[in-house]
Every structure is written in structure tokens, then in C-alpha cells.
Amino acid sequence: MGSVASRSACALPLLLLLLLLQAERPRGAELTFELPDNAKQCFHEDVEQGVKFSLDYQVITGGHYDVDCYVEDPLGNTIYRETKKQYDSFTHQAEVKGVYQFCFSNEFSTFSHKTVYFDFQVGDEPPILPDMGNRVTALTQMESACVTIHEALKTVIDSQTHYRLREAQDRARAEDLNSRVSYWSVGETIVLFVVSFSQVLLLKSFFTEKRPVSRMVHS
């Protein structure tokens, strides 16, 4: 009996891990990319009719942390457009089947280089357990544990992504502030040296004896 119980206890975590690994995620892309000044970057994704998709984006570094963003359907109609946004979210259900295009533009900036993060997801996440939506019986203890762990892991992933973006943004701001303080300190040092040297020359001119120049008048 003891060996059977120990085997069951060892097999339970293995079954939970297999179920979690078999869980599918919605199709999409997650990317962090560089967006130069006066530039535009577009991405494309094929979406079936009636399928819901979502776009989340955030500017991590550069300028005022803003970017222009728009989404177009396969017919060329603009279904989303925002200008100079630091971050935003957009969800839409595809009315037409085809390739949807979403673009990020930094054309309004002449010298600010941006770093942009986006997460584009297509479709809803399928249930972690097969036939979970059509079941009439209650979940077993193992299945309930799988669902709970799966939801907790999704929350952890979302939190890690959020804190990773905040950490990158705060680090970029700190480095920018540090460079500005360094340049300001160097400028103040140069100005202080120039003023001190000018004061020394000015004081020296006050104590310099001026000898009169005698003129010989020839008669």
C-alpha cells in the first residue's frame, strides 16, 4: 500500500506537467524592435473571418515615449488609429478574412530613436482540458488543480512581462538622466574655470603698475 501511494504521489506532478505542456496558446507574435526617426514599420497577420484578435503595445525608450499606430483590414480600411501614444490596447473581431496590417510610425520625430514592444494575439485560448466546455460532469481534483495552476502561470507570465517592460523603461530613463547630469556637470566645470581665469586676469590688471610714457619735445 505504501509503495502504491508513493507511486501515485510521484505520478501526479508528472500528469499535471504533461497537461500544462499540452495546453495550446492563441496564435500571435510578441516582439520588441527598434524604430528609427522618420521611419515606419509594418507587420502582417492572416486572420480568419469572425476570429477575434488583440494588439497591445508600449514605447520603452526614446523621445517622449510616444508613437503613431494604426491597423488596416484586408480591404485597406483603417479600423484603428492613434497618434503619439505611449501605450494602448486594441481588440477587434475580424469581419473580413485576409491579411491584416498593423503599423508603427515615428515619422513625426526628426531625431528620436524609439524602442517599441507589441503583443499581437489571434483567437481565444483553447481550454486546457479536452471537451472542457461541453462537459456535464464536474472536474476531478487533478483537473481542477491543472486549471488553477494554468491560470496562475498565465498571471505570472503577464506580470513578468509588465515588470520587464517597466524595468527597461526605468533603466532607459535613468541612463538618460545620468548622461544629462554628466554633461551638465562638465559644462558647469568649464564655465567655472573660464570665470575663475577671467577674474584672475581682471584682478591682475587692477594691480599692474602703469608707467607713464614721456614724450620728448624737440624744439
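Because the structure is predicted, anything quoted here is derived from the model rather than measured.

Draft legend 1. Geometry of the environment of Glu72. You can see Glu72 is positioned in strand β4 (residues 67-72). A sequence separation of 28 residues divides Glu72 from His44, and the C-alpha atoms of the two residues are 9.7 Å apart.

Draft legend 2. A look at helix α2 (residues 141-206). The terminal C-alpha atoms of α2 lie 95 Å apart, and with 66 residues this matches the ideal 98 Å at 1.5 Å per residue to within 8%. When we look at burial in α2, the residues that qualify are Glu143, Cys146, Val147, His150, Thr161, Leu165, Ala168, Gln169 and Ala172.

Draft legend 3. Expanded view of unusual backbone geometry. Not every positive phi belongs to a glycine, and Asn38 is a case in point at roughly 55°. With respect to the helices and strands, Asn38 occurs in the loop between β1 (27-35) and β2 (40-47). Classification of Asn38 by relative accessible area gives partly exposed; the value is 46%. One non-glycine residue, Lys84, lies in positive phi territory at about 50°. Within the element layout of this structure, Lys84 appears in strand β5 (residues 78-85).

What counts and what doesn't
- Residues numbered from 1 in each chain as written.
- Predicted model: local features only at pLDDT ≥ 70, side-chain atom pairs only at ≥ 80, totals over all residues.
- Heavy atoms only, no water.
- Helix = DSSP H or I, 4+ residues; strand = E, 2+ residues; numbered from the N terminus.
- Expected span 1.5 Å × (residues − 1).
- Buried < 20%, exposed > 50% of the residue type's maximum accessible area, 1.4 Å probe, protein only.

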